[in-house]
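Observations on the model geometry
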Amino acid sequence: MPPVRLAPRAELAAAARVVPLLRAARELGAWIAANPGVAPRQVLDDRDELRAAEALELSPDELTAAWQVVAATEAEAGRDQPAPADAVPLASAAVEDVLHEWNIALAALLDREALDGLATALYTVGAPVRIDALFDAYSAAAGSSGRVRPQRREPTADDAADLSRALEILADLGVVELGTEETTGGLTVGLSPLGVWGVHRRLLAQGWHVPVLGAAEQGGAVGLLTMLASCDAEDGESKISAWLVGRPAQAAAAEVRAALREPLLRAHAAEWLHEHGEDADLGPADRAWLLVDLGAGLLEEADPRDVVAELLPDVAADAQAEIVAGLWEVSHPAVIDLLTTLSDHHPEPRVARAARKAAFKARSAGSGQHPGTRPAAGS
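All of these numbers come straight from a predicted model, not from anything done at the bench.

Quick look at the sheet that holds strand β1 (residues 129-130)
Taking strand neighbours across the sheet as the criterion, the three strands line up as β1-β3-β2 in an open arrangement whose pairing is antiparallel. Whereas interior strands pair on both sides, the edge strands pair on one side only; in this sheet they are β1 and β2 (176-180). When β1 meets strand β3 (residues 187-191), the two strands line up antiparallel, connected through two bridges. Paired with Arg-130 across the two strands is Thr-188, which belongs to β3. Relative to β3, helix α6 (residues 116-125) is tilted by about 90 degrees, and along the sheet it contacts β1, β2 and β3.

What follows is the structure, given as structure tokens:
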């Protein structure tokens, strides 16, 4: 997924407070409370639908969407009836309460109206798109998410009507914004800041990697590393440079020194400080850990034979065997995998033999079961 920039939560809550569909859902909830015998988990019968639509001046589609929001809100709260009439108004509700209520409404509509694919398509494109190109956007998003790519076809009149209805529902909840393309004057649609925030939360909950622009600035060194996971090498170098420019050298070094207290970051931090002329203890155990971490990182990207060739290219075979023989003592989650790779693919029999013995010792000693997550190689 492309990186996005999330608006401040106070701005998101302000936008959610004036969303027409949340207002309609609250008014419908009050109407239900004033009309005993009508329950939000039931399907509206024709009589109740007419009564509610007339009382609240809602179209059939607006009433259906509001009904779904009411039902989802009450189900989430574990109630059989809507909230009491004296509930805190949206205008004065707390930021987190407003966003929670809006997020429930978003989930209800995307799930029940089968609009998840459309919202994900707009998120994937990352910019407003022409209405007539929306089918292509949905096709691209479906293909990128591992689903079967829909066969391209010309939209029918029914397709256009369904798309128009879907966009109206999303607009009523403040998920999308309509605009006009400057060059052609055609109608465009894109996610609003509120929609970006809501879809981002859904994708994150589903296990997607959804990077956020500005995370590096907000999260210090940890935020920078999180951002680098979504970058290629060239973009990563530029972001690192921008991060360093944006903070004094002493502040950057202070964050690195703080990492000395973290077992999985200690060796990397000590190496960085050592390379920059700072006083840092970088002993043989740290260097062995860095070697294993480098090899583990290479194994994620390259062929095992290439990893073996690149790991200690300028070290004589006897010295390599001696180094490899001691790696079983390194408390790294990938040490056994690396030693197994060396034993299977190293061209020097003495090094392969040393790796095989070290892997056996590591398994026997329980090495490689270190809790935690290994940082990216070279981080």
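Still more ground to cover, so stick around.
What to know about the pairing of β2
Alignment of β2 against β3, held across five bridges, turns out to be antiparallel. Note that in β3 the partner of Glu-177 across the bridge is Gly-190. In textbook terms, the turn of a hairpin is the stretch between consecutive antiparallel strands, and for β2 and β3 this stretch comprises six residues, one of which, Gly-185, has a positive phi near 80 degrees.

A word on unusual backbone geometry
Even without glycine at this site, Glu-57 takes up a positive phi of about 55 degrees. Looking at the element boundaries, Glu-57 is found in the loop between α3 (46-56) and α4 (60-77). By relative accessible area, which is 71% here, Glu-57 ends up exposed.

Some details on the side chain of Thr-341
Within the secondary structure, Thr-341 sits in helix α17 (residues 335-345). Judged by its relative accessible area of 11%, Thr-341 is buried. From its side chain, Thr-341 meets the backbone oxygen of Asp-337 in a polar contact 2.9 Å long. Not counting residues within four places of it along the chain, the set of residues in contact with Thr-341 comprises Leu-299, Pro-304, Val-308 and His-346.

Focus: the confidence of the model for the protein chain
The pLDDT averaged across the protein chain works out to 79; a share of 78% of its residues lies at or above 70. Within the protein chain, helix α7 (residues 134-144) has the poorest average pLDDT of any element, 54, and helix α1 (residues 9-17) the best, 94. In this model residues 141-150 is a low-confidence stretch, pLDDT under 50, and it forms 16 contacts with partners more than four residues away in sequence or in other chains.

Thoughts on the packing of α17 against helix α18 (residues 349-365)
Two elements in contact, α17 and α18, have axes whose closest approach is 7 Å; the angle formed by their N-to-C orientations is 150 degrees. As judged from the angle between their axes, α17 and α18 are roughly antiparallel. In terms of crossing hand, the pair formed by α17 and α18 is left-handed. Only Ala-352, Ala-355, Arg-356, Ala-358, Ala-359, Ala-362 and Arg-363 of α18 make contact with α17, whose side of the interface consists of Ile-336, Leu-339, Thr-340, Leu-342 and Ser-343. Looking at the contact of α17 with α18, its residues break down into eight nonpolar, two polar and two charged.

Section: the pattern of salt bridges
Side chains bearing opposite charge may pair, as long as their charged atoms lie close to each other. One pass over the structure, following the stated rule, counts nine salt bridges. The shortest N-O distance in the salt bridge between Arg-23 and Glu-27 comes to 3.3 Å. Remark: Glu-27 and Arg-23 occur in helix α2 (residues 20-33); sequence separation between them is four residues, near one turn of the helix. The exposure class of Arg-23 is partly exposed, given its relative accessible area of 42%. Between Asp-318 and Arg-350 there is a salt bridge, and its shortest N-O distance comes to 2.6 Å. In this pair, Asp-318 sits in helix α16 (residues 317-325) while Arg-350 sits in helix α18, placing the two residues 32 residues apart along the sequence.

The rules we used
Residues numbered from 1 in each chain as written. Predicted model: local features only at pLDDT ≥ 70, side-chain atom pairs only at ≥ 80, totals over all residues. Heavy atoms only, no water. Pairing = 2+ DSSP bridges. Helix = DSSP H or I, 4+ residues; strand = E, 2+ residues; numbered from the N terminus. Contact = heavy atoms within 4.5 Å. Axes fitted to C-alpha atoms, helices over the stretch in contact; angles between N-to-C directions. Buried < 20%, exposed > 50% of the residue type's maximum accessible area, 1.4 Å probe, protein only. Polar contact = N/O pair within 3.5 Å; in protein donor to acceptor, adjacent residues only side chain to side chain. pLDDT = per-residue confidence, 0-100. Parallel < 35°, antiparallel > 145°, perpendicular 65-115°, else oblique. Left-handed = near helix turned anticlockwise from the far one by under 90°. Nonpolar A, V, L, I, M, F, W, Y, C, P; charged D, E, K, R; others polar. Salt bridge = Lys/Arg side-chain N within 4 Å of Asp/Glu carboxyl O.

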